[in-house]
Amino acid sequence: MSGAAAQAAPSAGWTRWGLLGAFALLVATTQVLWLTFAPVTVESARALGVSEGLVGDLAVVNPLLFVVLALPAGRFVDRSLHPTLTAGALLTAAGALVRLVDPGSYGWQLAGQLLASVAQPLVLTATTTLAARAFGAHQRTTAISVGSAAQFVGVLVGALGGAPLVAAGGLPLLLRAHAGLAVVAALAVLGMLRVATLAPVGARDSHGLAWLRHEPLLWRLAGLLLVGVGVFNALATWLDPVMAGLGHPGSGGPLIAVTTVAGVLGAALLPGPVAARRRRRAFLVGATACTATVFALLVVANAPVVAGVLLAVLGFVLLAGLPVALEWSEAHVGVARSGTATAVLLLAGNLGGVLLVLLVQPFVGVPRVALAVIALAALPGAALALSLPRREEAA
C-alpha cells in the first residue's frame, strides 16, 4: 500500500511544534513513571514495607500491559486520535497522582502504576500518526524522530533522577516530583490539542486487523525491533554485573548512560537524512552489523574506556533504528493505519526486551559468554535487514 497522506494541510506555525513538544514531554513522562522505582528498589522496599521482588513488579506491570493493550490502542489512534491522546494524557497524570494518596502504601503505588501502564500504549502508538497529521512530508521524519528520542530521554531521566530525589527527601519527594511532571505534561498536551489543527484522514481504515497478514515489510521491521530493543534491554539489565565480572565494578551504570545519551542524539539526528536519501534498508543493515560487531569486540576488549567508545557508537546507530523503522512503516501503510503499524512495531520491541533479557540471564555469571550471546542474537536481525526491499516508498 502506498503512503497515502492526509488530505488537508496540517497545522501551521508554532502550534504544531508546540504540540510536538508537549507530546514529547508526555512520552518521556510515561517512561519516567514506568521506571520510578527501578533505580531505588532497596529504598522503595524499605519505605513500602515489602520485598524487593514486589517493588520490581511495579515496573513489570508496564511491559505486560503494553503487550495486551498495544494493538487496541493503535486501532483507537487510527480511529480517533484526539480522544485517544486525551485519554492517555489524563491517565498518565491520574496514575502519578494516585500514588500520592499514600506514599507508604504498596497498594496505592500498584494502582498508580497500573493506570500509568494503561496510558502508555495510548500515548506511544500515536507517535507516527501525530507526526503525519501535524506536519508536512518534509518535516514528518523529524517529528517522528523527536517523539522516538523522547522515549530514551525519559528512560535516562528515570534511571538517573531517582536516587538523588530519594536521597534528598525520600520516596514522597520522588513521587511528588514525578506527579508534577505528569500534570505539566498532560496539561500541555490537552492545551495544544485544543489549538493545533491536525489534517483529517482522507479514508479511515475499516478492515480491522486482517490487513496485517499481508504486510511482510511490517513484520520484518517488527522482527528487527524485537532484536534491537531486546539488545538494548539486555544491555541495560545485565551490563553492570557483566562488567563487574570482568573486573570493572561500578562501570556499568555510567556506560549505560553513555549508550543512552548517544542513542538520543542518534535518534534525533540520523532518521531525517536516512529517509531523505531513501537509505533506510542500508542503515538498518549497518545498525544490525554494528551491533554484532560491537559485542564481539567487547568479548576481547572491555576496559571501561574502550567499552565506552564502542557503546557510544552502538547507541548512536542502534537507537536510531526505532524512528527509522517507525517512519518507514508510516510511509508504507499510510496515515490511516499508522497507529496500528506503530503498535505492532512497539509490541515487538517490548517482547524482544523480555526475551533477550531472559536469554542472556543464564550466562551472566560467565561475562564473556553473555556478551557473545548478545552478539549472536544480533545475527537474525542482520538477516531480516538484508531481506528488506531494496526499493523504498517515498513518504
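Refer to the structure printed above.
Residues numbered from 1 in each chain as written. Predicted model: local features only at pLDDT ≥ 70, side-chain atom pairs only at ≥ 80, totals over all residues. Heavy atoms only, no water.

1. Quick look at the overall build of the protein chain
Inclusion rule: The way it works is that DSSP assigns letters per residue, a run of H or I at least four long becomes a helix, a run of E at least two long becomes a strand, and they are numbered from the N terminus. Using C-alpha atoms as the atom set, the radius of gyration is obtained and then compared with a globule rule of 2.2 Å times the number of residues to the power 0.38. Burial status follows relative accessibility: with a 1.4 Å probe on protein chains alone, a residue under 20% of its type maximum counts as buried, one over 50% as exposed, and anything between as partly exposed. Here, residues are in contact when the closest pair of their heavy atoms is within 4.5 Å.
Within the protein chain, the regular secondary structure consists of 15 helices and 0 strands. Against the compact-globule benchmark of 21 Å for 395 residues, the protein chain has a radius of gyration of 20 Å, which places it among compact chains. For the protein chain, the spread of C-alpha atoms along the three principal axes comes to 55 × 50 × 35 Å. Going through the 395 residues of the protein chain one by one, you find that 55% of them count as buried. In the protein chain, 84% of the contacts between residues at least 6 apart in sequence involve partners at least 24 apart.

2. What to know about the packing of helix H8 (residues 216-245) against helix H11 (residues 280-300)
Applicable threshold: Between N-to-C directions, angles cover 0 to 180 degrees, with each direction set by a line fitted to C-alpha atoms, over the stretch in contact for helices. When describing relative orientation, an angle under 35 degrees is termed roughly parallel and one over 145 degrees roughly antiparallel, while 65 to 115 degrees is termed roughly perpendicular and anything else oblique. Each helix crossing is assigned a hand: it is left-handed if the near helix lies turned anticlockwise from the far helix by less than a right angle, otherwise right-handed if that turn is clockwise. Each residue is assigned to one of three groups, with Ala, Val, Leu, Ile, Met, Phe, Trp, Tyr, Cys and Pro labelled nonpolar, Asp, Glu, Lys and Arg labelled charged, and all others, Gly among them, labelled polar.
Remark: H8 packs on H11, axes separated minimally by 12 Å, with the N-to-C direction vectors making an angle of 30°. Looking at the two axes, H8 sits roughly parallel to H11. The interaxial crossing formed by H8 with H11 has left-handed handedness. For the pair H8 and H11, the contacting residues are Leu-221, Leu-224, Val-231 and Leu-235 in the first and Leu-284, Thr-288, Thr-291 and Phe-295 in the second. Here the residues of the contact of H8 with H11 sort into 6 nonpolar, 2 polar and no charged.

3. Focus: helix H15 (residues 367-386)
Which entries qualify depends on this criterion: One fewer than the residue count of a helix, multiplied by 1.5 Å, yields its expected span.
Over its 20 residues, H15 runs 30 Å from end to end, which matches the ideal 28 Å to within 8%, given 1.5 Å per residue. Among all positions of H15, only Pro-367, Ala-370, Leu-371, Val-373, Ile-374, Ala-375, Ala-377, Ala-378, Gly-381, Ala-382 and Ala-385 are buried. Against the buried residues of H15 lie H8, H11 and helix H14 (338-360).

4. Describing the pattern of salt bridges
Formally: Salt-bridge detection follows one rule: a side-chain nitrogen of Lys or Arg within 4 Å of a carboxyl oxygen of Asp or Glu.
Here the structure, examined in full by the defined rule, presents 2 salt bridges. Among the ionic pairs, Glu-330 bridges to Arg-140, the shortest N-O distance being 3.8 Å. Of this pair, Glu-330 sits in helix H13 (residues 321-333) while Arg-140 sits in helix H7 (residues 137-195); the two residues are 190 residues apart in sequence, bridging distant segments of the chain. Residues Glu-327 and Arg-280 are paired through a salt bridge, measuring 2.6 Å at the closest nitrogen-oxygen approach. Linking Glu-327 in helix H13 with Arg-280 in helix H11, this pair joins segments that are 47 residues apart in sequence.

5. Things to note about the packing of aromatic side chains
Stated formally: A pair of Phe, Tyr and Trp rings is counted when the ring centres sit within 6.5 Å of each other, with Trp represented by its six-membered ring. The angle between the planes then sorts it: under 30 degrees is stacked, over 60 is edge-to-face, the rest tilted.
Summed over the entire model, instances satisfying the criterion amount to 2 aromatic pairs. Aromatic pair Trp-17 and Phe-135: ring centres 4.7 Å apart, planes at 70°, arrangement edge-to-face. Here the residue Trp-17 occupies a position in helix H1 (residues 14-34), and Phe-135 occupies one in the loop between helix H6 (127-134) and H7, the gap between them amounting to 118 residues. Take Trp-17: its relative accessible area is 36%, and that puts it in the partly exposed class.

6. A short note on the environment of Ile-374
Positionally, Ile-374 belongs in helix H15. For the pair formed by Ile-374 and Met-192, sequence separation is 182 residues and the distance between their alpha carbons is 42 Å.

7. What about empty space enclosed by the protein?
Heads up, the condition is: Grid points spaced at 1 Å and placed over the protein atoms alone form the basis of the search, with a cavity being a set where a 1.4 Å probe fits but cannot get out and a pocket an open set showing protein on both sides within 12 Å along at least five of seven lines. Lining residues have an atom within 4 Å of a point. Grid points are joined across faces, edges and corners, and a volume is the space filled by probe spheres set on the points.
For the coordinates displayed, the defined rule picks out 1 cavity of 30 Å³ or more. In this structure, the largest cavity occupies an estimated 50 Å³ of space. In terms of lining, the largest cavity is formed by Ala-234, Leu-235, Trp-238, Leu-239, Val-242, Phe-295, Val-360, Leu-371 and Ile-374. Broken down by secondary-structure element, the contributors of at least two residues to the lining of the largest cavity are H8 and H15. Among the elements that take part in the lining of the largest cavity, H8 stands out by supplying 5 residues, more than any other. A breakdown of the residues in the lining of the largest cavity according to their chemical character gives 9 nonpolar, no polar and no charged.

8. With respect to H8
Counted at 1.5 Å a residue, the expected span for H8 with its 30 residues is 44 Å, and the 41 Å between its end C-alpha atoms agrees. Just downstream of H8, Gly-247 is the residue with a positive phi angle, here 95°.

9. Some thoughts on a nonpolar patch on the surface
Operational definition: A patch consists of residues exposed above 30% relative accessible area that lack any salt bridge, with like charges linked at up to 9 Å and nonpolar side chains (Val, Leu, Ile, Met, Phe, Trp, Tyr) linked at up to 5 Å. Surface accessibility in these figures is a Shrake-Rupley result with a 1.4 Å probe; residues are shielded only by whichever protein chains are displayed.
Among the surface-exposed residues, Val-67, Val-68, Leu-351 and Leu-355 lie close enough to one another that they form a single nonpolar patch of about 330 Å² accessible area. At the level of elements, helix H3 (52-79) and H14 are the ones that each hand at least two residues to the nonpolar patch. Relative to the assigned elements, Leu-351 resides in helix H14. Since its relative accessible area comes to 37%, Leu-351 is described here as partly exposed.

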